[in-house]
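Tertiary structure, described
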Amino acid sequence: MIKIAPSILSADFARLGAEVAEAQTAGGDWIHVDVMDGHFVPNITLGPAIVKAIAPHTSLPLDVHLMIENPERYVEEFAKAGAAVITVHAEACVHLHRVIHLIKEQGVKAGVALNPGTPASAIQEVLDDVDLVLVMTVNPGFGGQAFISGTMNKIKQIRSWLNEKGRHDVHIEVDGGIAADTAPLVVEAGADVLVAGSAVFGREDRAAAITDIRNSYGG
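The name given to the protein in an unreviewed UniProt entry is Ribulose-phosphate 3-epimerase, with Paenibacillus amylolyticus as the source organism. Quoted verbatim from the Function (unreviewed entry) field of UniProt, the annotation for the protein is "Catalyzes the reversible epimerization of D-ribulose 5-phosphate to D-xylulose 5-phosphate."

Below is the structure:
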C-alpha cells in the first residue's frame with residue numbers, strides 16, 4: 001500500500017500540534033519531520049524538542065529526516081523524542097554503515113537519503129541494512145520546489161536492486177514537489193512512501209488534498 005507522509009515543514013508552526021493531528025485525521029499515514037541545520041542545507045528548522053512536543057498529538061509514525069552534518073551526534077536524542085524512522089543522508093556520513101546501525105540500536109527504523117545529484121550507487125553497499133531509502137526529488141533545504149523528473153531513473157534502479165535482493169520490505173520514499181500530478185510518476189517508478197508538504201498543508205481542506213494525491217495513482 002502506498003503511504004502518504006505529510007511534511008510539517010509546510011505546516012503552520014504557530015499551531016503545530018493541531019496541524020499534526022489534522023494531518024492524521026485527514027488520512028495521512030506517517031508524519032514527515034524535516035530537520036535542517038543551516039550547514040548541510042541552507043535552512044534551519046527544528047530539533048528533538050519539537051519532535052517530542054508533537055508526538056502526543058498523533059499516533060502516526062514520526063518519520064524524521066536528518067538533513068544535517070554529523071547526524072550520528074543526534075540519533076539517540078531523536079529516537080528518545082519519539083522518532084519511528086530516522087533517515088540520514090549518505091552525503092553527510094563518513095561512516096554510513098556505522099550510522100545506520102547506530103539508528104537500529106535505538107530500536108527505530110533506519111533510512112538513507114540521496115540528494116538529486118548523488119548516484120544510486122552511493123548506497124548500494126548498505127541496501128541490506130536499511131529499512132527505507134529516501135530519494136530527494138528536489139534539492140533539500142526548502143519546501144515548495146519544483147519536482148526534478150530526472151530522479152525517476154534513480155528510483156527505478158533502487159527498486160530493481162531491492163527486488164533482486166528480495167528486499168520487498170524496504171520502503172522507497174520520495175520527497176520534493178510531490179502532488180497529484182507527480183505522484184503517479186514516482187509510484188510507477190517504484191516509490192511507496194510519498195512526502196507531501198505544500199500539496200497538503202497549502203490547502204485548507206487537508207483531507208481533500210490527500211484524497212486527490214491518492215486518486216492520482218489509483219490508490
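Having put the structure on the table, let's press on.
Remarks on the overall build of the protein
From N to C terminus, the protein includes 8 helices and 8 strands. For the protein, the C-alpha atoms occupy an extent of roughly 45 × 35 × 30 Å along the three principal directions. Of all 219 residues assigned to the protein, the portion counted as buried reaches 54%. Across the protein, the fraction of contacts at a sequence separation of at least 24, relative to all contacts at a separation of at least 6, is 65%. When the accessible area of the protein is evaluated, it comes to approximately 9200 Å², of which 49% is carbon and sulfur surface. Placing the 16 positive and 27 negative side-chain charges of the protein at their respective mean positions leaves the two points 3 Å apart.

Quick look at the pairing of strand 5 (residues 109-114)
For strand 5, a buried count of 5 out of 6 residues is recorded, marking the element as mostly surrounded by other parts of the structure. In this sheet, strand 5 lies alongside strand 4 (residues 85-89) in parallel orientation, the contact comprising 5 bridges. For V85, the partnering residue across the bridge sits in strand 5 and is K109. Each parallel crossover has a hand, and for strand 4 linked through helix 4 (residues 96-105) to strand 5 it is right-handed. When strand 5 meets strand 6 (residues 132-136), the two strands line up parallel, connected through 4 bridges. By the bridge assignment for strand 6, L114 is matched with V135.

Quick notes on the layout of surface pockets
One number sums up the size of the largest pocket: a volume of about 270 Å³. In terms of lining residues, the largest pocket is bounded by 25 residues, among which G143, G144, D175, G176 and G177 are the most central. For the lining of the largest pocket, a count of residues per class yields 12 nonpolar, 11 polar and 2 charged.

Thresholds applied
Residues numbered from 1 in each chain as written. Predicted model: local features only at pLDDT ≥ 70, side-chain atom pairs only at ≥ 80, totals over all residues. Heavy atoms only, no water. UniProt positions renumbered as here; feature names shortened; annotations may be inferred. Helix = DSSP H or I, 4+ residues; strand = E, 2+ residues; numbered from the N terminus. Buried < 20%, exposed > 50% of the residue type's maximum accessible area, 1.4 Å probe, protein only. Contact = heavy atoms within 4.5 Å. Areas by Shrake-Rupley, 256 points an atom, 1.4 Å probe, with all protein chains shown as cover. Lys, Arg positive; Asp, Glu negative; His and termini not counted. Charge placed at Lys NZ, Arg CZ, Asp CG, Glu CD. Pairing = 2+ DSSP bridges. Right-handed = clockwise from strand over helix to strand, strands pointing away. 1 Å grid on protein atoms, 1.4 Å probe; cavity = no way out; pocket = protein on both sides within 12 Å on 5 of 7 lines; lining within 4 Å. Points joined across faces, edges and corners; volume = space filled by probe spheres on them. Nonpolar A, V, L, I, M, F, W, Y, C, P; charged D, E, K, R; others polar.

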